[in-house]
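Analysis of the macromolecular model
Here is how the chains run, residue by residue.
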Amino acid sequence: MQHQVRSARPADWPAIEALLKDCALPGQGAREHLQHFIVAEAGGILGCAGLEPYGDDLLLRSVGVKPAYRGQGLGEALTRHLLAQAIAQDGRTMWLRTVDAAGFYALLGFRPSALEAVPQAMRASAEFQGACPDSSTTMRLDLHAGVTVRPARETDMPAVLDIYNHEVRTSTATYQYAERRLEEQVEQWALKQRDGHGFFVGVSKQGRVIGYSSYGLFRPREGWRFACEHSVYLHADWRGRGVGKLLMPPVMAHARKRGFHTMVGVVDAANAASVRLHEAMGFKVAGVVREGGYKFDRWLDVAFVQAML
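Each value, and the rule that gives it
- Residues numbered from 1 in each chain as written.
- Predicted model: local features only at pLDDT ≥ 70, side-chain atom pairs only at ≥ 80, totals over all residues.
- Heavy atoms only, no water.
- Helix = DSSP H or I, 4+ residues; strand = E, 2+ residues; numbered from the N terminus.
- Rg over C-alpha atoms; globule rule 2.2 N^0.38 Å.
- Buried < 20%, exposed > 50% of the residue type's maximum accessible area, 1.4 Å probe, protein only.
- Contact = heavy atoms within 4.5 Å.
- Areas by Shrake-Rupley, 256 points an atom, 1.4 Å probe, with all protein chains shown as cover.
- Pairing = 2+ DSSP bridges.
- Axes fitted to C-alpha atoms, helices over the stretch in contact; angles between N-to-C directions.
- Parallel < 35°, antiparallel > 145°, perpendicular 65-115°, else oblique.
- Left-handed = near helix turned anticlockwise from the far one by under 90°.
- Nonpolar A, V, L, I, M, F, W, Y, C, P; charged D, E, K, R; others polar.
- Expected span 1.5 Å × (residues − 1).
- Core = buried A, V, L, I, M, F, W, Y, C linked by side-chain atoms within 4.5 Å.
- UniProt positions renumbered as here; feature names shortened; annotations may be inferred.

1. What to know about the overall build of the chain
Looking only at helices and strands, one finds nine helices and 14 strands in the chain. A compact globule built from 309 residues would reach a C-alpha radius of gyration of about 19 Å, and the chain, at 21 Å, matches this within 12%. Once the C-alpha set of the chain is aligned to its principal axes, its extents read approximately 70 × 40 × 40 Å. Across the 309 residues in the chain, those meeting the buried criterion constitute 48%. Pairs at least 24 residues apart make up 67% of the contacts formed inside the chain by residues separated by at least 6 positions. Element-wise, carbon and sulfur atoms account for 50% of the exposed surface of the chain, whose accessible area totals about 15200 Å².

Below, the structure is given as structure tokens:
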């Protein structure tokens, strides 16, 4: 479906108000922030989304699509439009509250957060003061790195390959010795597509792929079919910027939606940064295989980290 995304105008308010009611979304405070709303239009307003700015922090709200047009990517298009806008304006953090769409937002890199972490001024907004039920999930997305997450494409594989092969040559993030070839990387991506497993890339605002995450079966036998194993790799220049925390929620949400019960990661036990990342995302060290790996002429302890989905 062809549609146009544009800034909302004052004359759009009646249609936006009706749309919010149709979507059972709270309307309190929306009109006051109409200058920060966008709409998807195709012979009429089909969807809307808005922001409430609080300095460098932004509240994402009122993401709604007419029932007859759901499932066509409008909600994602509206959200991504606002994400790009917020990153271009050097926003720091985007927050939201949702009753039943946490999985959708996780695919974009949002992760659950404690309500207490929300800036005080934002908590005083209508969205937090009764507009959303107490059962709502609070989520955040860090914007300071200027990175967005999307499903990987075949054309991303040369950049993915460069990231992976750097780790092959220089680190114990992978225990592989020989560099992977491009045709092998493309085949791995194609297998993920065939099997319905997630493969995501982090993209800088200049359009450069600077990290990726993916998952697949932990073990091939039937009794393991509810367990999956993930990988996450970052370009060396992008470590320490929080990009790993953007790439983990999509693979976890995708696997959960596919019916997996638990996710496992296999990491070098001495890689403290990787262990900390996983613990921040809800993983726990399930066990360590002493001297289970060997690379660069030394024995390596192998940690298995696990999260229930």
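2. What about the sheet that holds strand β4 (residues 57-65)?
Taken together, seven strands build an open sheet; the order of strands is β1-β2-β3-β4-β5-β7-β6 and the sheet is mixed. Two strands in the sheet have a free side with no partner beyond their single neighbour: β1 (4-7) and β6 (111-112). Direction of pairing for strand β2 (residues 37-41) relative to strand β3 (residues 45-54): antiparallel, over a ladder of five bridges. Each residue of the ladder has a partner; that of Ile-38, found in β3, is Ala-49.

3. Side note on the packing of helix α6 (residues 157-170) against helix α7 (residues 182-195)
Helix packing for two helices is described by the angle between their axes and how far apart those axes are. Between α6 and α7, whose axes approach to 9 Å, the crossing angle comes to 110°. Judged by the angle between their axes, α6 and α7 are roughly perpendicular. In this structure, α6 meets α7 at a crossing whose hand is right-handed. When α6 is examined against α7, the residues Met-157, Pro-158, Val-160 and Leu-161 are found in contact with a partner set consisting of Leu-182, Gln-185, Val-186 and Trp-189. For the contact of α6 with α7, the per-class residue count stands at seven nonpolar, one polar and no charged.

4. Describing helix α8 (residues 243-257)
Over its 15 residues, α8 runs 23 Å from end to end, which matches the ideal 21 Å to within 8%, given 1.5 Å per residue. With eleven of 15 residues buried, α8 is to be regarded as a mostly interior element. Downstream of α8 by one or two residues, Gly-259 has phi in the positive range, about 95°.

5. Here's the deal with the pairing of β3
The buried fraction of β3 amounts to eight of the ten residues, a majority that puts the element mostly inside the structure. Linkage of β2 to β3, two consecutive antiparallel strands, is achieved through a turn of three residues, within which Gly-43 is found at a positive phi near 70°. The pairing of β3 with β4 spans seven bridges and is classified as antiparallel. Bridged to Gly-50 within β4 is Arg-61. Between β3 and β4, which pair antiparallel one after the other, the connecting turn spans two residues, and Gly-55 there sits at a positive phi close to 65°.

6. As for the sheet that holds strand β11 (residues 227-234)
Strand order in this open sheet of seven strands is β8-β9-β10-β11-β12-β14-β13, and the pairing throughout is mixed. On the outer flanks of this sheet lie β8 (147-151) and β13 (284-295), each paired with one strand and no other. Each neighbouring strand pair of the sheet contributes to a mean axis angle of 25°, computed without reference to strand direction. Here eight bridges tie β13 to strand β14 (residues 298-308), and the two strands are oriented antiparallel to one another. Considered in β14, the bridge of Tyr-294 is made with Trp-299. Packing against the sheet, helix α9 (residues 272-280) makes contact with β11, β12 (262-268), β13 and β14, and its axis sits at approximately 165° to β12.

7. A word on the nonpolar core
Judged by nonpolar contacts, the single largest core of 49 residues is most densely connected at Leu-60, Met-94 and Phe-110. Examining the composition of this core, we find that eight residues originate from one element, α8, more than from any other. Each residue touching Leu-60, except ones within four places of it in the same chain, is listed here: Gly-50, Leu-51, Thr-79, Leu-82, Met-94, Trp-95, Leu-96, Tyr-105 and Phe-110. One finds Phe-199, Val-201, Val-209 and Tyr-233 within the second-largest nonpolar core, a separate group that totals 13 residues.

8. Focus: the side chain of Ser-62
Counting through the fold element by element, Ser-62 comes out in strand β4. With near-sequence residues (within four places) excluded, Ser-62 lies in contact with Leu-20, Leu-25, Pro-26, Ala-30, Phe-37, Cys-48, Ala-49 and Gly-50.

9. Some remarks on the UniProt feature "domain: N-acetyltransferase" (unreviewed entry) in the chain
The feature "domain: N-acetyltransferase" (unreviewed entry), as given by UniProt, occupies residues 3-144 and 147-301 in the numbering adopted here. Segment residues 147-301 splits into 34% helix and 33% strand. End C-alpha atoms: 32 Å apart.

10. Some details on the environment of Ala-114
Note that Ala-114 resides in the loop between β6 and α4 (120-123). Classification of Ala-114 as partly exposed rests on a relative accessible area of 42%. For the pair Ala-114 and Glu-291, spaced 177 residues apart in the sequence, the C-alpha separation amounts to 38 Å.

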